[in-house]
Amino acid sequence: MRVIWKVAVGLAFLVGLRPAEPLCAQDYRAQALRILSTVPLVDGHNDIPDAIRERGGLDSVDFGVLQPKLMTDIPKLRAGAVGAQFWAAYVPVTTLHGGEHPAVYALEQIDLVHRLCRKYGQALAPAETVADVERNFTAVRGSLSGLNFERPRSPRDSKVSCLIGIEGGHAIENSLGALRMFYRLGVRYMTLTHWETIDWADAATDSAKHGGLTPFGEEVVREMNRLGMLVDLSHVSDATMVDAIRVSRAPVFYSHSSARALCNHVRNVPDSILKMVRANGGVVMVNFNPGFVSEAVRVYEDSMARRARVLRAAGVDTTAVADSLKGWAARGPKATLSQVADHIEHIRDVAGVDAVGLGSDFDGITQVPVGLEDVSKFPDLLAELLRRGWSEQDIRKVAGLNALRVLRAAEGVAASKR
């Protein structure tokens, strides 16, 4: 009996030493939310200003309640623990051709962001500097240099910092004076181009006319450095990326781009340039657009575009073409949250963990990855990285510290030039 008793005790001891059960998805999400109570999550690009404009303006959309047809509203921002959001003052390239003034369109978008912050001041707060973001985050102790954020008392204690980025360098209408005035209105990054090549910079999705930046384009980059405005290289050609990195004295910023090695879209960043970003100290905010995330989706979308051209050439009604493409898209492949995590890991592997952040493009995209349907899902993406073995400190960097570091570096370069 004594032998049996010893065996039983030994088995019980071994059972007590067995590895803990693996965490479940809810546990990882809870861990992600705990991390986000100590550091502001910074999203590099959200198009809600134009989405609200298209729906009739600020008086037509109650941003304080759930909006099922939008990817962003205050309840979703709170659920996603968003700490700071770069709202895109998107300027369509059509303003270059239709007799409109791109600068006026940009001003209207900027005005909408300012009014959004005033109208929903209990949840949103304007921000122009890293110090503003820290203050709005509530109960912030220390600064980014110490990476020391204190846990807010509750999610409702924090306000979402509202930063502004202009999407499309044509907004300045070839005027450095306009660039300076946009800065004074709170703009803290400008995407050098959008879909079309402009007078001073080549775009990724248009014919190259300049081989990158013109001399005036280089002057724009230098003036952005002097002001403390981030040089955003999403949408620009590879040659423009290389020129901007060469000219800029501050780290560069990709507000919403992913890794070309995983999805061969010209909007993404190739490994050769990711290595330059690492040396420059910049950051690539990973885009959630399915066509930039999944190679299968990209190929399928290219086929859809060719199909649309054939239908239009055959004289098919525009509405009928749109309906046909919508049905075709519904049957196509889907991008996933896991693939977005793959892009984050690839950029980390090539450029380092300090070079990657989040740039969703929510409300500027019509399709989303499965699992990343709106801004409430950010913690699920960080939970996936935790599941893959990422450290909490590296999660903090991707969530927001990398973006804040780059903004602070731009502020430092500007201060040195005054």
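For the structure, see preceding data.
Keep in mind that what you see is a predicted model, and the values were worked out from it rather than measured.

So, how was this worked out
Residues numbered from 1 in each chain as written. Predicted model: local features only at pLDDT ≥ 70, side-chain atom pairs only at ≥ 80, totals over all residues. Heavy atoms only, no water. Core = buried A, V, L, I, M, F, W, Y, C linked by side-chain atoms within 4.5 Å. Buried < 20%, exposed > 50% of the residue type's maximum accessible area, 1.4 Å probe, protein only. Contact = heavy atoms within 4.5 Å. Helix = DSSP H or I, 4+ residues; strand = E, 2+ residues; numbered from the N terminus. Expected span 1.5 Å × (residues − 1). Arc of directions from axis to C-beta. Polar contact = N/O pair within 3.5 Å; in protein donor to acceptor, adjacent residues only side chain to side chain. Axes fitted to C-alpha atoms, helices over the stretch in contact; angles between N-to-C directions. Parallel < 35°, antiparallel > 145°, perpendicular 65-115°, else oblique. Phe/Tyr/Trp six-rings, centres within 6.5 Å; stacked < 30°, edge-to-face > 60°. Lys NZ or Arg CZ within 6 Å of the ring centre and 35° of its normal.

Caption draft 1: The nonpolar core, seen in detail. If you look at the biggest cluster of nonpolar residues, it comprises 99 residues, and the most contacted ones within it are Phe63, Leu124, Ile166, Met190, Leu192, Leu233 and Tyr254. Residues in contact with Leu124, not counting those within four places in the same chain, are Phe63, Ile74, Leu77, Leu116, Cys117, Lys159, Val160 and Cys162. If you look at the next biggest cluster of nonpolar residues, it comprises 19 residues, including Ala84, Leu230, Met285 and Val406.

Caption draft 2: How the structure looks around helix 12 (residues 295–313). Compared with an ideal rise of 1.5 Å per residue, which puts 19 residues at 27 Å, helix 12 spans 27 Å between its outermost C-alpha atoms and is within 8% of the ideal. Those residues of helix 12 that sit buried are Val297, Arg298, Met304 and Ala308. Around the axis of helix 12, the buried residues are gathered within 115 degrees of arc, so they sit on the same side. Facing away from the buried side of helix 12 by more than 90 degrees, the exposed set consists of Arg309, Val310 and Ala313. The N-terminus of helix 12 is capped by Ser294, whose side-chain oxygen sits 3.3 Å from the backbone nitrogen of Ala296. Two residues or fewer past helix 12, Gly315 is found with a positive phi of approximately 85 degrees.

Caption draft 3: Expanded view of the packing of helix 8 (residues 215–227) against helix 16 (residues 392–416). Relative to each other, helix 8 and helix 16 sit at 95 degrees, their axes nearing to 6 Å. In terms of their interaxial angle, helix 8 and helix 16 are classed as roughly perpendicular. For the pair formed by helix 8 and helix 16, the contact residues are Asn225, Arg226 and Leu227 on the first element and Ala410, Val413 and Ala414 on the second.

Caption draft 4: Main features of the packing of aromatic side chains. A full pass over the atoms with the stated rule returns nine aromatic pairs. Between Phe86 and Phe253, the ring centres sit 5.6 Å apart and the planes meet at 55 degrees, which makes this aromatic pair tilted. Separated by 167 residues along the polypeptide, Phe86 in strand 2 (residues 82–90) and Phe253 in strand 7 (residues 253–254) bring together distant segments of the chain. Considered together, Phe86 and Phe253 belong to a single accessibility category, that of buried residues. Their ring planes at 75 degrees and their centres at 5.9 Å tell us that Phe362 and Phe378 sit as a pair that is edge-to-face. One end of the pair, Phe362, is in the loop between strand 9 (356–358) and helix 15 (378–387); the other, Phe378, is in helix 15, with 16 residues separating them in the sequence. Looking at Phe362, the relative accessible area reads 1%, which means it is buried. Here the aromatic residues Phe63, Trp87 and Tyr120 are joined through ring pairs into a cluster of three or more. Across from the ring centre of Tyr105, 3.8 Å away, lies the NZ or CZ of Arg53, which sits over that ring.

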